[in-house]
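Here is how the chains run, residue by residue.
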Amino acid sequence: MTFDFIKLFIAAVFAGTPLLLGTLGEILTEKSGNLNLGVEGMMYMGAVSGLAGAYYTEIWFNGAGLPAVFAALIFSFLAGCLGALIYAFLTISMRADQNVTGLTLTIFGTGFAKFFGELMGQKAGGYVKVAAKTARSFGKLKLGGLSKIPVAGELFFHYNFMVYLALILALALAFFLNRTRKGLNLQAVGEDPSTADSAGIPVARYRYIATVLGGGICGLGGMYMSMVNQKGIWVPECVSGYGWLAVALVIFSTWNPLRALYCGLIFGGFTILRMYVPVPGLATQLYDMLPYVATILVLIATSIRQSKEHRQPAGCGHNYFREDR
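All of these numbers come straight from a predicted model, not from anything done at the bench.

A. Region of the structure containing the overall build of the protein. Counting its regular elements, the protein contains 13 helices and 0 strands. Ordered by position from the N terminus, the helices and strands of the protein form the series α-α-α-α-α-α-α-α-α-α-α-α-α. Taken over C-alpha atoms, the radius of gyration comes to 20 Å for the protein, in line with the 20 Å a tight globule of 325 residues would show. Expressed along its principal axes, the backbone C-alpha trace of the protein runs to roughly 55 × 45 × 40 Å. Relative to its 325 residues, the protein shows a buried fraction of 48%. Long-range contacts, defined as pairs at least 24 residues apart, comprise 79% of the intrachain contacts of the protein with a sequence gap of at least 6. Surface exposure of the protein reaches about 15,700 Å², of which carbon and sulfur atoms provide 67%.

B. Region of the structure containing the pattern of salt bridges. For the coordinates displayed, the defined rule picks out 3 salt bridges. A salt bridge links Glu-237 to Lys-114; the nearest nitrogen and oxygen atoms lie 2.7 Å apart. With Glu-237 in the loop between α10 (203-229) and α11 (242-252) and Lys-114 in helix α4 (residues 98-123), the pair connects residues that are 123 residues apart, well separated along the chain. By relative accessible area, which is 31% here, Lys-114 ends up partly exposed. One salt bridge connects Glu-191 with Arg-311, and the closest N-O pair in it is separated by 3.3 Å. Taken together, the residues span a long stretch of sequence, with Glu-191 in helix α8 (residues 181-191) and Arg-311 in the segment after α13 (284-304) at a distance of 120 residues. Glu-191 sits in the partly exposed class, given a relative accessible area of 33%. On the accessibility criterion, Arg-311 (35% relative accessible area) is partly exposed.

C. Main features of the nonpolar core. Phe-138, Met-223 and Trp-234 are the most contacted members of the largest nonpolar core, which totals 74 residues. With 11 residues, α10 is the single largest residue contributor to this core. In contact with Met-223, other than residues within four places in its own chain, are Gly-46, Ala-47, Gly-50, Ala-72, Leu-73, Ser-76, Phe-138, Met-162 and Val-228.

D. Geometry of the packing of helix α2 (residues 39-60) against α10. Relative to each other, α2 and α10 sit at 60°, their axes nearing to 6 Å. Looking at the two axes, α2 sits oblique to α10. Where α2 crosses over α10, the two elements pack in a sense that is right-handed. Residue-level contacts link Val-39, Met-42, Met-43, Gly-46, Ala-47, Gly-50, Leu-51 and Ala-54 of α2 to Gly-215, Cys-218, Gly-219, Gly-221, Gly-222, Met-223, Met-225, Ser-226 and Met-227 of α10. The residue makeup of the contact of α2 with α10, split by class, is 10 nonpolar, 7 polar and no charged.

E. Representation of the environment of Lys-114 within the structure. Measuring from C-alpha to C-alpha, the distance between Lys-114 and Ala-132 comes to 23 Å, with 18 residues separating the pair along the chain. With residues near it in sequence (within four places) discarded, Lys-114 still touches Tyr-44, Trp-234, Pro-236 and Glu-237.

F. Layout of the packing of α8 against α10. Viewed as axis vectors pointing N to C, α8 and α10 meet at an angle of 105°, and their least axial separation amounts to 10 Å. Between α8 and α10, the angle is such that the two are roughly perpendicular. Only Val-203, Tyr-206, Arg-207 and Ala-210 of α10 make contact with α8, whose side of the interface consists of Lys-182, Asn-185, Leu-186 and Val-189. Classifying every residue of the contact of α8 with α10 gives 5 nonpolar, 1 polar and 2 charged.

G. View of unusual backbone geometry. With a phi angle near 60°, Lys-231 is a residue other than glycine that sits in the positive phi range. Mapped onto the fold, Lys-231 is located in the loop between α10 and α11. Look at Lys-231 and you get exposed, because its relative accessible area is 57%. Residue Trp-255 is not a glycine yet carries a positive backbone phi of 60°. Secondary-structure assignment places Trp-255 in the loop between α11 and α12 (257-276).

Cut-offs and rules
- Residues numbered from 1 in each chain as written.
- Predicted model: local features only at pLDDT ≥ 70, side-chain atom pairs only at ≥ 80, totals over all residues.
- Heavy atoms only, no water.
- Helix = DSSP H or I, 4+ residues; strand = E, 2+ residues; numbered from the N terminus.
- Rg over C-alpha atoms; globule rule 2.2 N^0.38 Å.
- Buried < 20%, exposed > 50% of the residue type's maximum accessible area, 1.4 Å probe, protein only.
- Contact = heavy atoms within 4.5 Å.
- Areas by Shrake-Rupley, 256 points an atom, 1.4 Å probe, with all protein chains shown as cover.
- Salt bridge = Lys/Arg side-chain N within 4 Å of Asp/Glu carboxyl O.
- Core = buried A, V, L, I, M, F, W, Y, C linked by side-chain atoms within 4.5 Å.
- Axes fitted to C-alpha atoms, helices over the stretch in contact; angles between N-to-C directions.
- Parallel < 35°, antiparallel > 145°, perpendicular 65-115°, else oblique.
- Left-handed = near helix turned anticlockwise from the far one by under 90°.
- Nonpolar A, V, L, I, M, F, W, Y, C, P; charged D, E, K, R; others polar.

As structure tokens, then:
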């Protein structure tokens, strides 16, 4: 029983990491007052761009693994930033509706990924696949004696570098938001941009930077789906709703990066539960519904039990223009 729990926990961590990255990116964005519903699109952009960066770097460097890994990270992050920059320009500079723009970004990002993924596949002779050396670089790290510690070694030192990167990002974001002046300024912008502007805080600059960086983190989550979950093979439906789950997890985590850690773990566990806790006669489709049913229940519970400390930033979803003060 203990062994089964350990395997389930490890699998939940792997499955929850892209959700955690998408959630962290959206938390940073919403803390600035921007409600970007385009997480799914930015994750798709990161997925195809990260794989493309790794694939073409292998060609340029004759199959070198480490440069391909760095290229996947950089290109996926930049692709997510690009999607978020489009959103930021339309909502902050052009005064477009945030909800509509976010939904449009989802459609754009999904189409962007499927178009360029198909294009790469045609040029590669059928489908795109990174070299085995690059795929292994996204596999489990060899941490020597740490991995051999009974129970604890399997629970905490049995993952790929992306898992630890996501953990570091969660801790860094929590520290930034709560322990630094710029982080507190950012939260002031998200809560009451008019008051923040009166205090001399550049609202537009904070919103631009937070939104773009948040999009970059979402792009890393998409790259995880294509390079880790799909082993470096382009699959058009690789993100498959994870971006929408991440948006819901922002609410579930009450806009707290540290709570996002266990929220990602729980929902990651739901996505792979059928492989570790099979129920005879229960259709696999019902298992696949679990994350979305849980999302609905979480949203209902959150709306019923609202508290001032755990609510959405007051200025989130509302454009701010100094001339309207």
